[in-house]
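Residue-level structure breakdown
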Amino acid sequence: MESSELDSENHPETSTEPGIHLNGSRNGRIEEFEDDEEEIQMSSQEVLEALQRAWINEKFAPDVLPYEEALVEMVMIQLVHMEENLATANKNDLLYIVHRMEVERIRFIVASYLRCRLQKLETYASHVLNVESSRPRNLKRLSEAEHKFARDFHDSVETHFHELVTRHMPQNHQDDERARRVVPNLNTHVFARARQDVGEYSLGGGEHSVNIRVGAVHLFRYRDIEALVIEGKLELI
């Protein structure tokens, strides 16, 4: 996955080398810090490739995956920077058109990633909120905005459902929300490609095992490999 950016110096329209350079980077690399100890460097292309993987994984995973907040924030900041450069470029230049198309492509990926997550929240709002409340703080999968959206959406649906249906039902059935809850089918089968060697991996509660090697494509039951997808060892395709 490649990206483009106009040179932010005096002549943005004359840039000939494609590539996003995120703000605060040195030599085209992005620096992140975890626990103020381990420094992780990612090039702009690697960031965009990581975001695209998160997008594809989210599209094919039946359940909501952890929100990639750092990736989205870095790309959104850079999109603003790229838009500023494009504003000063010659709009009749072919290079301007190429960069504009690249900006729109990146915007589409970000928007599609967020839209996919919102669709899952709308479909499984009650289930997602219930499971999310039981997760430790460091394992939460929703952003604060997504959690608020899911809560507001769930409350609105429940209020509407109560006004139209439940208040007309027998009293002993009015509070049976769990019977109405829609849950994702974690037994759905998905295609996954190994991004690294995993070795022998147990499936179906230890009944079977498979040797997962880097680059290999397998058909798995999603429930069995969700942890590997979250860890980045597998990617859905």
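Quick note: structure is the one above.
An account of the accompanying structure is given in this report. (Residues numbered from 1 in each chain as written. Predicted model: local features only at pLDDT ≥ 70, side-chain atom pairs only at ≥ 80, totals over all residues. Heavy atoms only, no water.)

**Here we look at the overall build of the chain**
Along the chain, the regular secondary structure elements total 6 helices and 7 strands. When the helices and strands of the chain are read in sequence order from the N terminus, they spell out β-β-α-α-α-α-α-β-β-β-β-α-β. Relative to its 237 residues, the chain shows a buried fraction of 38%. Considering only intrachain contacts with a sequence separation of at least 6, the fraction spanning at least 24 residues in the chain is 63%. For the chain, the exposed area adds up to about 14300 Å²; of that, 49% sits on carbon and sulfur atoms. (Helix = DSSP H or I, 4+ residues; strand = E, 2+ residues; numbered from the N terminus. Buried < 20%, exposed > 50% of the residue type's maximum accessible area, 1.4 Å probe, protein only. Contact = heavy atoms within 4.5 Å. Areas by Shrake-Rupley, 256 points an atom, 1.4 Å probe, with all protein chains shown as cover.)

**So, the pairing of strand S5 (residues 208-212)**
In this structure, strand S4 (residues 199-203) lies alongside S5, joined through 5 bridges in antiparallel fashion. Its bridge partner being in S5, Leu-203 is matched across the sheet by His-208. Counting the residues between successive antiparallel strands, the hairpin from S4 to S5 contains 4 residues, one of them, Gly-204, with a positive phi of roughly 60°. (Pairing = 2+ DSSP bridges.)

**Focus: helix H3 (residues 94-123)**
Here H3 spans 43 Å end to end across 30 residues, near enough to the 44 Å set by a 1.5 Å rise per residue. The N-cap of H3, judged by a side-chain oxygen 2.8 Å from the amide nitrogen of Leu-95 a few residues on, is Asp-93. (Expected span 1.5 Å × (residues − 1). Polar contact = N/O pair within 3.5 Å; in protein donor to acceptor, adjacent residues only side chain to side chain.)

**Remarks on the side chain of His-154**
Looking at where His-154 falls in the secondary structure, it is placed in helix H5 (residues 144-164). A distance of 3.5 Å separates a polar atom in the side chain of His-154 from a polar atom in the side chain of Asp-155.

**A word on the environment of Lys-148**
Residue placement: Lys-148 occurs in helix H5. Here Lys-148 falls in the exposed class, since its relative accessible area comes to 54%. Along the primary structure Lys-148 and Leu-129 are separated by 19 residues, whereas in three dimensions their C-alpha atoms are 9.9 Å apart.

**Focus: the nonpolar core**
Counting 20 residues, the largest nonpolar core has Leu-51, Leu-71, Val-75, Leu-79 and Tyr-113 as its most contacted members. For this core, the secondary-structure elements that each account for two or more residues are helix H1 (44-60), helix H2 (69-87) and H3. Those residues in contact with Tyr-113 that sit more than four places away from it in its chain are Leu-51, Ala-54, Trp-55, Glu-58, Pro-66, Tyr-67, Glu-68 and Val-72. Leu-203, Val-210, Val-229 and Leu-234 belong to the second-largest nonpolar core, a separate cluster that totals 17 residues. (Core = buried A, V, L, I, M, F, W, Y, C linked by side-chain atoms within 4.5 Å.)

**Describing the sheet that holds strand S3 (residues 189-194)**
Sheet architecture is open: 3 strands sit in the order S6-S3-S7, paired in antiparallel fashion. Taken across any chain shown, the strands that pair with only one partner, and hence form the sheet edges, are strand S6 (217-221) and strand S7 (234-236). Shown here is a sheet whose adjacent strand axes are inclined to one another by a mean of 45°, direction ignored. In this sheet, S7 lies alongside S3 in antiparallel orientation, the contact comprising 3 bridges. Within S7, the residue paired with Ala-194 across the bridge is Leu-234. Packed onto the sheet, H1 meets S3 and S7 and runs at close to 65° relative to S7. (Axes fitted to C-alpha atoms, helices over the stretch in contact; angles between N-to-C directions.)

**A few points about a nonpolar patch on the surface**
Together, Leu-94, Ile-97, Val-98 and Met-101 line one region of the surface with nonpolar side chains, adding up to about 400 Å² of accessible area. Among the structural elements, Met-101 can be located in helix H3. (Patch = residues over 30% accessible without salt bridge, like charges linked within 9 Å, V, L, I, M, F, W, Y side chains within 5 Å. Salt bridge = Lys/Arg side-chain N within 4 Å of Asp/Glu carboxyl O.)

**Structural notes on the packing of aromatic side chains**
The full count for this structure, using the stated rule, is 3 aromatic pairs. On the basis of an interplanar angle of 10° and a centroid distance of 6.3 Å, the ring pair of Tyr-67 and Tyr-113 is categorised as stacked. Of this pair, Tyr-67 sits in the loop between H1 and H2 while Tyr-113 sits in helix H3, and the two are 46 residues apart along the sequence. (Phe/Tyr/Trp six-rings, centres within 6.5 Å; stacked < 30°, edge-to-face > 60°.)

**Thoughts on the pattern of salt bridges**
Pairing is possible between side chains that carry opposite charge, provided their charged atoms lie close to one another. Taken as a whole, this structure holds 14 salt bridges when the rule is applied. One salt bridge in this structure joins Arg-117 and Glu-58, with 2.9 Å as the shortest N-O distance. Of this pair, Arg-117 sits in helix H3 while Glu-58 sits in helix H1, placing them 59 residues apart in sequence. Classification of Glu-58 by relative accessible area gives buried; the value is 1%. The salt bridge partner of Arg-107 is Glu-83, with a shortest N-O separation of 3.3 Å. One end of the pair, Arg-107, is in helix H3; the other, Glu-83, is in helix H2, and 24 residues separate them in sequence. Residues joined in a network through salt bridges with shared partners are Glu-58, Arg-117, Lys-120 and Glu-146.

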